[in-house]
Structure formats: C-alpha cells, structure tokens
Amino acid sequence: IMLNLLIAIMADIFDRVQEHARGHHLYAKAKIALEYERRFRTPNAGNVEYYPRWIQVLRPLSAAGVDGHGPAAAAGEKWGGRIRALKSELAAVRRDVRGLFAEQDERAARDLAALEERIARRVGGIVEERFARLEALLLAGGGGERQRRS
C-alpha cells in the first residue's frame, strides 16, 4: 500500500512539474539573459557595434518547440500532463451532461404541460357531470317537496 501511495505522489508531482515547465523554462531563460547582461557590461555598452539594439536569432526547425511552436511543442502537448488532459475531458463531459439535462428538462416540461391539460379536462368533465347530477337531484327533490306542501 505504501509503494502505491509513493507512486501516486510521484505521479502527481510529475504532472504538476509538467504543467509549469514552460513558465519555468522562460523564467530560467530570462535569468540567463540578465546575468549575461550584468557580467558583460563594459565601458563600450553604448557602442552599437558591440551591443546592437536588436538581435536576430535563427534556429533550425528541429529545435523549434522550445517556445511552444513546432514538432517538439506538439510532442510536449501530447505528454503535457495527465491532470490537464483530465480537466479538459471533465469540461467536455460537463458540457455534454448540461446539454442532456437541458433536453430532459424541455421534454419533462412538455410532458408536464400535456399531463396538466389532460387532468384539467378530466376534472372539468367530472365537475360538470357532478353539477348536472346535483342539479337534477335538486330539481327532482325540490319538485316533490312543492307537491307535498300543496
């Protein structure tokens, strides 16, 4: 059990590291650039020949992906972490479930409205029938009473 717990903890840590790898990479790259700038400052720092304002960097396509572009990036996205994949899958399932619930709610509302209409017609028919019987009884009973009094 302890070995399984250790494996689960290691997998979770690995996933967290994978999710933040790009940010850590860019942070380390910026630190290196700042350190180079600090170490190589000379009295000629204002000289454009030694320190040009812009630097153009060329790199082969196989190296692309470090900044999030190219084939290496696609491979990185594929293995970017199980937690991210689970989150996106869970979001998709939630959307599907919400759609199903909305459809079921509409169907239930239509069925309920039809049922209420059927009940109202039935109850209305029963009430009319009872009133008609009551009226007939009252007329039959009232007519007999009048005859006895006379």
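Residues numbered from 1 in each chain as written. Predicted model: local features only at pLDDT ≥ 70, side-chain atom pairs only at ≥ 80, totals over all residues. Heavy atoms only, no water.

Visitor: Provide a residue-level description of the overall build of the protein chain, including the pertinent values.
Guide: Of regular secondary structure, the protein chain possesses four helices and zero strands. Beginning at the N terminus, the succession of helices and strands in the protein chain can be written as α-α-α-α. Buried positions account for 5% of the 150 residues belonging to the protein chain. Nonlocal contacts in the protein chain, meaning residues at least 24 apart in sequence, comprise 59% of its contacts between residues at least 6 apart. Counting only carbon and sulfur atoms, one obtains 62% of the accessible surface of the protein chain, whose full area is about 14,000 Å². (Helix = DSSP H or I, 4+ residues; strand = E, 2+ residues; numbered from the N terminus. Buried < 20%, exposed > 50% of the residue type's maximum accessible area, 1.4 Å probe, protein only. Contact = heavy atoms within 4.5 Å. Areas by Shrake-Rupley, 256 points an atom, 1.4 Å probe, with all protein chains shown as cover.)

Visitor: Lay out the confidence of the model for the protein chain with the relevant residues and their values.
Guide: On average, residues of the protein chain score 77 in pLDDT, and 77% of them are at 70 or above. Within the protein chain, no element has a lower average pLDDT than helix α3 (residues 71-78), which sits at 52, and none a higher one than helix α1 (residues 2-19), at 85. For the stretch residues 146-150, pLDDT sits under 50, and the model shows zero contacts to residues farther than four places along the chain or on other chains. (pLDDT = per-residue confidence, 0-100.)

Visitor: Could you give an account of the pattern of salt bridges, naming the residues involved and the relevant values?
Guide: Taken as a whole and assessed by the stated rule, the structure comprises three salt bridges. Note that Arg 16 is salt-bridged to Asp 12, the shortest N-O span being 3.1 Å. Placement of the pair is Arg 16 and Asp 12 together in helix α1, with a separation of four residues, close to one helical turn. A salt bridge links Arg 107 to Glu 103, with the nearest nitrogen and oxygen atoms 3.4 Å apart. Remark: Glu 103 and Arg 107 occur in helix α4 (residues 82-149); sequence separation between them is four residues, near one turn of the helix. (Salt bridge = Lys/Arg side-chain N within 4 Å of Asp/Glu carboxyl O.)

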